[in-house]
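An overview of the molecular structure
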Amino acid sequence: MDQHAPAQADPHAEIRVEVRKLCAKFPGEYWRELDARRGYPTEFVNALTEAGWLAALIPEEYGGAGLPLSGAAAILEEIQASGCNGAACHAQMYIMGTILRHGSAAQKARYLPKIAAGELRLQAFGVTEPTSGTDTTSLRTTARREGEKYIVNGQKIWTSRAEHSDLMLLLARTTPRDQVAKKTEGLSTFIVDMREALGKGLTIRPIRTMMNHNSCEVFFDNMEVPAENLVGVEGKGFRYILDGMNAERLLIAAECIGDAKWFIEKARNYAKERVLFGRPIGANQGVQFPIARAYAQMRAAEAIVKEGLAKFERGEPCGEEANMGKMLAAEASWAAGEACVNTHGGFGFAEEYDIERKFRETRLYQVAPISTNLILSYIGEHVLGMPRSY
Ligand SMILES: Cc1cc2nc3c(=O)[nH]c(=O)nc-3n(C[C@H](O)[C@H](O)[C@H](O)COP(=O)(O)OP(=O)(O)OC[C@H]3O[C@@H](n4cnc5c(N)ncnc54)[C@H](O)[C@@H]3O)c2cc1C
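So, here's what we can say about the structure. Just so you know, these numbers come straight off a predicted model, no measurement behind them. As a convention, each chain's residues are numbered from 1 in the sequence order in which they are written. Thresholds applied to this predicted model are a pLDDT of at least 70 for local features of residues and 80 or more for the giving and counting of side-chain atom pairs; totals over whole chains, interfaces and linings are not thresholded and use all residues.

Turning to the packing of helix α11 (residues 319–344) against helix α13 (residues 372–383), a few remarks are in order. How two helices pack is summed up by the angle between their axes together with the distance between the axes. Note on geometry: axes are C-alpha line fits, over the in-contact stretch for helices, and angles between N-to-C directions span 0 to 180 degrees. Numbered from the N terminus, helices here are DSSP runs of H or I no shorter than four residues, and strands are runs of E no shorter than two. At their nearest, the axes of α11 and α13 sit 10 Å apart, and the two run at 150° to each other. The orientation of α11 relative to α13 falls into the category roughly antiparallel. When the axes of α11 and α13 are compared, the crossing they make is left-handed. Across the interface between the two elements, G319, E320, N323, M324, K326 and M327 from α11 touch T372, I375, Y378, I379, H382 and V383 from α13. Here the word oblique covers every angle except those under 35 degrees (roughly parallel), over 145 (roughly antiparallel) and from 65 to 115 (roughly perpendicular). Put simply, a crossing is left-handed when the front helix is turned counterclockwise from the back one by less than a right angle, and right-handed when it is turned clockwise. Two residues qualify as being in contact provided that their C-beta atoms, derived from the backbone, are within 7 Å of each other.

With their axes 10 Å apart at the nearest point, helix α5 (residues 90–102) and helix α9 (residues 245–273) run at an angle of 165° to one another. What the angle tells us is that α5 and α9 run roughly antiparallel. In this structure, α5 crosses over α9, and the sense of that crossing is right-handed. Across from H90, M93, Y94 and G97 in α5, the residues of α9 making contact are A247, E248, L251 and E255. The residue classification treats Ala, Val, Leu, Ile, Met, Phe, Trp, Tyr, Cys and Pro as nonpolar and Asp, Glu, Lys and Arg as charged. All others, Gly included, are polar. Class assignment of the residues belonging to the contact of α5 with α9 gives a composition of four nonpolar, two polar and two charged.

Attention now moves to the site of the ligand. As a rule, any residue with its backbone-derived C-beta atom within 6 Å of a molecule or strand is reported as near that molecule or strand. In the vicinity of the ligand, 23 residues are found, and the nearest of them are V127, G133, T134, W158 and S371. When contributions to the shell around the ligand are tallied by element, the ones reaching two or more residues are β1 (122–126) and α13. If one sorts the elements of the shell around the ligand by residue count, α13 sits on top with three residues. These domain limits were set by an automatic method or by a database of domain assignments. In this structure, the shell around the ligand is formed jointly by two domains, domain 2 (122–237) and domain 3 (242–383), each of which donates at least three residues.

And the structure:
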């Protein structure tokens, strides 16, 4: 596919080559076996950690690689384009940013070097709740200060990787909603050491999902969190979480672009090789056009994501590009998945081709971490200035 891309220097070309090499050690069989038993890709995550890729965004002074966001995007894109699944560990890249931007000097010194070295895993992000869902500021989990600790009660849902993480970044209400001027106030962010809390007020229950995502329900019953684990200022946590969302959306978009490239490559190759009625099926435009269309969609998404990454790195507002890029990339990967399944006919459904697995995995990104409707609502309201809907 790359031979069709316009010639331009890619500052992350070497990273791409190295990530591809690492991913080649984790072929389809590895992911299929895990998928069947909903297992966690521990060896893959360890290999990424040892190579330093998961510490890409941690500054060098804390032992990370100090790469710009586009470097992290290149890593995640290549993981997906190789047929692997970065969902097992991608959150560490963007959750860490909250500690980096809003944590105290002591928190940064305590956690970041260990995260960079792979001694601590920060993979769990506890925001979504079963009752409030997308309406985050209505969340019900509370954290009540008692002396030098907070007492946390409530429940989270879809806390991915909770069983495979040492730390969780938690959003909880510290001031009741009826006592704050704005519903976005009174929410606070905490670093929860799940190793200490498990069995002492913290319960984790896995949810079996359509794809292998290691997502969980998490229950807090008088769970104690040291007051020193509050990130930033009490009551300002929602702002801290919002601050990280553009980075998160751009990185997820990069993953979707990687998925789209994987599907397109597979579909293109098969369309050229599979001969029916005396000619390759790809000679039929009914087979060729959906693949070509998905390629065009992927390239359009890629261009917007690149623009978003560049703005992010220049410190400019990039909400428009981050949101549009995430939506377009998720739609492009889905279109590419559809084309790939159709091109393969019945074989698209056979597990050994990995297409059905990737198809299930990439579907998520139209719903999480933010659903397409909410992105459209952002564009309608914040970009086009139409009336607020919620
Ligand atoms: C596999 C998986 C992993 C996840 N991992 C995490 C994680 O690690 N941490 C975490 O905190 N969360 C996680 N999530 C949660 C995810 O972010 C939410 O599922 C997503 O934000 C949608 O929220 P919801 O499921 O509560 O749906 P709801 O909020 O109930 O929404 C249902 C539907 O209604 C639509 N809708 C809602 N409000 C509006 C509106 N005002 N206008 C138009 N449409 C609207 C939505 O678009 C959606 O289609 C994960 C989810 C899944 C499925």
